[in-house]
Amino acid sequence: MKYSQKYSLVGFLEHQDIGVEFGMSDWPLHVTFADVFAIERNDVAIDRKLNEALQNQRPVLVEPKQQAKLGNTDVVLVEKTEELLSLHLLLVGLLEQNGAVFNTPAFTKGGFLPHCTIQKSSLLQTSTEITELSLVDMFPNNDWKQRKILATFELNG
């Protein structure tokens, strides 16, 4: 399969509306649960499948551990709890079953390293509950410098 569109699944620390766009360097605080991937989104009805898979999932607690550098990026590492790992594995498994190809598969499954990137004006400092996940378009309108929230899935199981 040939894919041109890229996505990610993230948990924003504060609610973000569907349709919101922001620059690649202006992300709201978030934890990535499924790093950049390509998929035939509409052909495989992945939004519906994600919604169904997440219906019974409970919100997850994000607990900051320590500041670190990942490459050149300043981050706050997050406690890799069983709940975070379980949600990550559920998402990656569902995406792979539907043909997703990850840009950096080394950071999935056993290589999953939960973190929250330190942004220009904020960083994760206290434990926070993530109550929804968002599907983010990493290339809206063919602009690699922009991001757009396409769908949101509540964790209220």
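Anything mentioned here points back to the structure above.
Residues numbered from 1 in each chain as written. Predicted model: local features only at pLDDT ≥ 70, side-chain atom pairs only at ≥ 80, totals over all residues. Heavy atoms only, no water.

With 34 residues, the main nonpolar core has F33, F37, L95 and I130 as its most contacted residues. Counting residues per element, this core draws most heavily on helix α2 (residues 82–97), at 6 residues. Core analysis: the next-biggest nonpolar cluster, separate from the first, contains 8 residues, V10, W27, V36 and V136 among them. (Core = buried A, V, L, I, M, F, W, Y, C linked by side-chain atoms within 4.5 Å. Buried < 20%, exposed > 50% of the residue type's maximum accessible area, 1.4 Å probe, protein only. Helix = DSSP H or I, 4+ residues; strand = E, 2+ residues; numbered from the N terminus.)

Two orientations exist for strands paired in a sheet by backbone hydrogen bonds: parallel and antiparallel. Strands sit in the order β5-β6-β8 across an open sheet of 3 strands; the sheet is antiparallel. Of all the strands in the sheet, just β5 (64–70) and β8 (115–117) have a single pairing partner and so form its edges. Averaged over all pairs of adjacent strands, the angle between strand axes in this sheet comes to 30°, irrespective of strand direction. As paired elements, strand β6 (residues 73–78) and β8 share 3 bridges and run antiparallel to each other. Opposite V76, over in β8, you have C116 as the bridge partner. (Pairing = 2+ DSSP bridges. Axes fitted to C-alpha atoms, helices over the stretch in contact; angles between N-to-C directions.)

This part covers unusual backbone geometry. Positive phi values are uncommon outside glycine, yet A45 reaches one of about 55°. Within the secondary structure, A45 sits in the loop between β3 (30–38) and α1 (46–54). For A45, a relative accessible area of 26% translates into the label partly exposed. The residue K109 is not glycine, and still its phi comes out positive at about 55°. Positionally, K109 belongs in the loop between β7 (101–102) and β8.

Taken together, the side chains of E63, E79, E82 and E83 make up a negatively charged region of the molecular surface. Its location among the elements puts E83 in helix α2. (Patch = residues over 30% accessible without salt bridge, like charges linked within 9 Å, V, L, I, M, F, W, Y side chains within 5 Å. Areas by Shrake-Rupley, 256 points an atom, 1.4 Å probe, with all protein chains shown as cover. Salt bridge = Lys/Arg side-chain N within 4 Å of Asp/Glu carboxyl O. Lys, Arg positive; Asp, Glu negative; His and termini not counted. Charge placed at Lys NZ, Arg CZ, Asp CG, Glu CD.)

In this section: the pairing of strand β10 (residues 132–137). With 6 of 6 residues buried, β10 lies mostly within the body of the structure. The alternating pattern of β10 places E132, S134 and V136 and L133, L135 and D137 on opposite faces, both of which are buried. Pairing of strand β1 (residues 6–12) with β10, which is carried by 4 bridges, proceeds in the antiparallel orientation. Pairing of Y7 across the sheet is with D137, part of β10.

Nothing here speaks to function; it is all geometry.
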